[in-house]
Amino acid sequence: MSEENEIPKIGRKVLRLRQAYKMSLDDLANKSGVSKSVLSQIERDQNNPTLSTIHRICVALNVTVEELLRKEASPRVFDVVADNATPVIHSEDGKCSLRILGPIHTVNWLQWYHVTVEPGGRLFSEAHDLGTLENVTVLDGCLKIETGEDSHLVYAGETIRYPADKDHVVINDSDIVATGLMVVVLGRPM
């Protein structure tokens with residue numbers, strides 16, 4: 001079979017997207033309606049999923065079928081993602097959203113987001129791997145960053161960098177919406 005006729009391997013992309021959304025296999029199975037065992041086989045490229053299965057996974061991961069099937073090695077000068085095709089993660093309290101700006105292939109070592117935190121919003125994150133560094137640049141408003149017993153206020157135009165290898169929270173205690181950019185440089189698991 002020639003290279004251009006090969007069946008696209010989607011396992012690594014599905015795994016990276018699932019990890020970016022901090023979803024377990026159970027979470028993705030529940031959201032997509034695809035069994036956990038089939039998802040596990042797909043992530044290991046041991047299953048040739050139907051178009052229907054691929055579509056259900058794409059809906060659950062908020063990506064297009066085209067994006068999931070596109071070869072990673074394709075050289076591209078421009079890779080434009082439409083606003084409505086940009087995946088968004090919402091906090092448990094519904095007051096925080098993270099638009100995933102980074103490409104799928106960097107999710108294991110570099111992630112970046114456009115963050116919006118409504119008044120009273122709290123974006124809680126569990127500890128990442130040792131050595132992980134988060135960088136938040138506040139574009140509008142003010143955010144409070146709490147990590148361990150330390151906290152710091154960051155105002156529009158300021159950037160804060162902090163270790164994210166312990167539980168941490170981004171909080172908007174003000175009465176206006178705060179926005180910013182978050183870049184996460186992931187450490188390595190021990």
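Coordinates for the structure precede this section.
Keep in mind it's a predicted model, so treat the numbers as computed, not measured.

Turning next to the pairing of strand β10 (residues 178-185). Sheet topology note: the strand β3 (residues 110-117)/β10 ladder contains 8 bridges and is antiparallel. Bridge pairing links V117 to A178 in β10.

Taken together, 6 strands build an open sheet; the order of strands is β1-β2-β3-β10-β5-β8 and the sheet is antiparallel. Each of the sheet's edge strands pairs with one partner strand only, and the pair in question is β1 (88-90) and β8 (159-163). Pairs of neighbouring strands in the sheet enclose a mean axial angle of 25°, with direction left out of account. In terms of strand pairing, strand β5 (residues 133-140) meets β8 through 5 bridges, oriented antiparallel. From the neighbouring strand, V136 faces β8, where its bridge partner is I160.

Our next topic: the environment of N108. By the element assignment, N108 lies in the loop between β2 (96-100) and β3. Given the relative accessible area of 38%, N108 is considered partly exposed. Residues N108 and Q19 lie 89 residues apart in sequence; the distance between their C-alpha atoms is 8.1 Å.

Glancing now at the pattern of salt bridges. In total, this model carries 4 salt bridges according to the counting rule given. We note a salt bridge from R18 to E43, for which the minimum N-O separation is 2.6 Å. Pair noted here: R18 is in helix α1 (residues 11-20) and E43 is in helix α3 (residues 36-43), with a separation of 25 residues, a long-range link. Residue classification places E43 among the buried residues on the basis of a relative accessible area of 12%. The closest approach of N and O atoms between K36 and D26, which form a salt bridge, is 3.6 Å. Placement of the pair is K36 in helix α3 and D26 in helix α2 (residues 25-32), with a sequence separation of 10 residues. The partly exposed category is assigned to K36, whose relative accessible area is 42%. A relative accessible area of 40% means that D26 is categorised as partly exposed. Sharing partners across several salt bridges, the network here consists of K144, E146 and D173.

It is worth spelling out the nonpolar core at this point. Core analysis: the largest hydrophobic core is formed by 39 residues, its most contacted members being V14, L61, Y113, V170 and M182. Considering every element that reaches this core, the biggest residue donor is helix α4 (residues 51-61), with 5 residues. The residues contacting M182, other than those within four sequence positions of it, are L98, Q111, W112, Y113, V115, L123, E134, N135, V136, Y162 and V170.

On the surface, L101, L139 and L181 cluster together into a nonpolar patch covering about 220 Å² of accessible area. Among the structural elements, L101 can be located in the loop between β2 and β3.

Procedures and definitions
Residues numbered from 1 in each chain as written. Predicted model: local features only at pLDDT ≥ 70, side-chain atom pairs only at ≥ 80, totals over all residues. Heavy atoms only, no water. Pairing = 2+ DSSP bridges. Helix = DSSP H or I, 4+ residues; strand = E, 2+ residues; numbered from the N terminus. Axes fitted to C-alpha atoms, helices over the stretch in contact; angles between N-to-C directions. Buried < 20%, exposed > 50% of the residue type's maximum accessible area, 1.4 Å probe, protein only. Salt bridge = Lys/Arg side-chain N within 4 Å of Asp/Glu carboxyl O. Core = buried A, V, L, I, M, F, W, Y, C linked by side-chain atoms within 4.5 Å. Contact = heavy atoms within 4.5 Å. Patch = residues over 30% accessible without salt bridge, like charges linked within 9 Å, V, L, I, M, F, W, Y side chains within 5 Å. Areas by Shrake-Rupley, 256 points an atom, 1.4 Å probe, with all protein chains shown as cover.

Fair warning: the whole summary comes from geometry, so function is off the table for now.
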